[in-house]
Amino acid sequence: MSALEFYARVAISCDVLGAGVGDSPDSWEAALGDDCLNVPGRGMLRRDHGLVEINFAPDQLGRMSCVGFGVKTHRLLRDHSPQTVPAPLSQRYGTFARRLRYEELEAAVLAAGRVFELEDESRDVRRYRVPESRARVTVIVDPDPYGTGDPDPHSHRAGDVWSVDVW
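Residues numbered from 1 in each chain as written. Predicted model: local features only at pLDDT ≥ 70, side-chain atom pairs only at ≥ 80, totals over all residues. Heavy atoms only, no water.

Undergrad: So, the pattern of salt bridges: which residues are in play, and what are the values?
TA: One pass over the full model with this rule turns up 15 salt bridges. For Asp-160, the salt bridge identified is with Arg-101, shortest N-O distance 2.7 Å. Linking Asp-160 in the loop between strand S9 (135-140) and strand S10 (161-166) with Arg-101 in the loop between helix H4 (87-93) and helix H5 (102-111), this pair joins segments that are 59 residues apart in sequence. Taking the relative accessible area as the measure of exposure, Asp-160 reaches 0% and is therefore buried. Members of the salt-bridge network, linked through shared partners, are Arg-46, Asp-48, Glu-53 and Arg-75. (Salt bridge = Lys/Arg side-chain N within 4 Å of Asp/Glu carboxyl O. Helix = DSSP H or I, 4+ residues; strand = E, 2+ residues; numbered from the N terminus. Buried < 20%, exposed > 50% of the residue type's maximum accessible area, 1.4 Å probe, protein only.)

Here it is in structure tokens:
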């Protein structure tokens, strides 16, 4: 399996190694391990696993459950250390490249019989969604939208995926 297959699976199935929206922190820990940063606040919990960031809130019974998560592909460009990709993901999907190109992700999603629809657009990003899932993909349109200078050639480029988010 490849990292591209991982990203496509998240966009289509809205899970990470079987954990998804509605699952407990323990379920996510079983999937990704316990090497993470926990950031509590106002009755909520954000769990940062580097590439994957999960948000938990109390459910109707008062138990913490996932209300959304994101695969923050932009983090790989700045920090490509082994700690950025949780070990269970590296073990299953292999090496993760520093950037994910939208065209590649779109082709993988199309090959699986799904499509992206444009949801909204601004001067710097486009947001797409997979209609059959809760996935949203944010793609960089202009890496220098405010004209502060030439974009860093080692930074993001137009067409890079910023994140794949599920809510």
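Here the narrative resumes, following the displayed structure.
Undergrad: How would you sum up the side chain of His-74? Please name residues and give values.
TA: For His-74, the position within the fold is in helix H3 (residues 74-78). At a separation of 3.0 Å, a polar atom in the side chain of His-74 contacts the main-chain carbonyl oxygen of Trp-162. When residues no more than four places from it in sequence are discounted, the contact partners of His-74 are His-156, Val-161 and Trp-162. (Polar contact = N/O pair within 3.5 Å; in protein donor to acceptor, adjacent residues only side chain to side chain. Contact = heavy atoms within 4.5 Å.)

Undergrad: Can you break down the side chain of Thr-73 residue by residue, with the values?
TA: Secondary-structure assignment places Thr-73 in the loop between strand S6 (64-71) and H3. Thr-73 sits in the buried class, given a relative accessible area of 3%. Polar side-chain contacts of Thr-73 include one of 2.6 Å to the backbone oxygen of Val-161. Residue contacts for Thr-73: discarding those within four places in its chain leaves Tyr-7, Leu-51, Arg-98, Leu-100, Val-161, Trp-162 and Ser-163.

Undergrad: Explain the pairing of strand S3 (residues 37-41) to me, and be specific about the residues and the numbers.
TA: Here S3 runs beside strand S4 (residues 44-48); their pairing, made up of five bridges, is antiparallel. When the sheet's bridge partners are listed, Val-39 is paired in S4 with Arg-46. What sits between the antiparallel neighbours S3 and S4 is a turn of two residues, in which Arg-42 has the positive phi angle 50 degrees. (Pairing = 2+ DSSP bridges.)

Undergrad: Got a sec to walk through the sheet that holds S4? Specific residues and values, please.
TA: As summarised here, the arrangement of the eight strands in space is S3-S4-S5-S6-S10-S9-S8-S7, forming an open sheet in which the pairing is antiparallel. The open sheet has two edge strands with one neighbour each: S3 and strand S7 (117-121). Taking the axes of each pair of neighbouring strands and ignoring which way they run, one obtains an average angle of 20 degrees across the sheet. Taken together, the four bridges between S4 and strand S5 (residues 52-58) define a ladder with antiparallel strand orientation. Note on S5: the bridge partner recorded for Leu-45 is Phe-56. Against the sheet, helix H2 (residues 25-32) makes contact with S4, S5 and S6, and its axis sits at roughly 165 degrees relative to S5, the strand it touches most. (Axes fitted to C-alpha atoms, helices over the stretch in contact; angles between N-to-C directions.)

Undergrad: Now, about the layout of surface pockets: what can you tell me, with residues and values included?
TA: Size it by volume and the largest pocket reaches roughly 160 Å³. Partitioned by chemical class, the residues of the lining of the largest pocket number eight nonpolar, three polar and two charged. (1 Å grid on protein atoms, 1.4 Å probe; cavity = no way out; pocket = protein on both sides within 12 Å on 5 of 7 lines; lining within 4 Å. Points joined across faces, edges and corners; volume = space filled by probe spheres on them. Nonpolar A, V, L, I, M, F, W, Y, C, P; charged D, E, K, R; others polar.)

Undergrad: Just give me the short version of a nonpolar patch on the surface, but keep the residues and values in it.
TA: A grouping of Met-44, Val-67 and Trp-167 is seen on the molecular surface, where their side chains present a nonpolar patch of about 290 Å² in accessible area. Looking at the element boundaries, Met-44 is found in strand S4. (Patch = residues over 30% accessible without salt bridge, like charges linked within 9 Å, V, L, I, M, F, W, Y side chains within 5 Å. Areas by Shrake-Rupley, 256 points an atom, 1.4 Å probe, with all protein chains shown as cover.)

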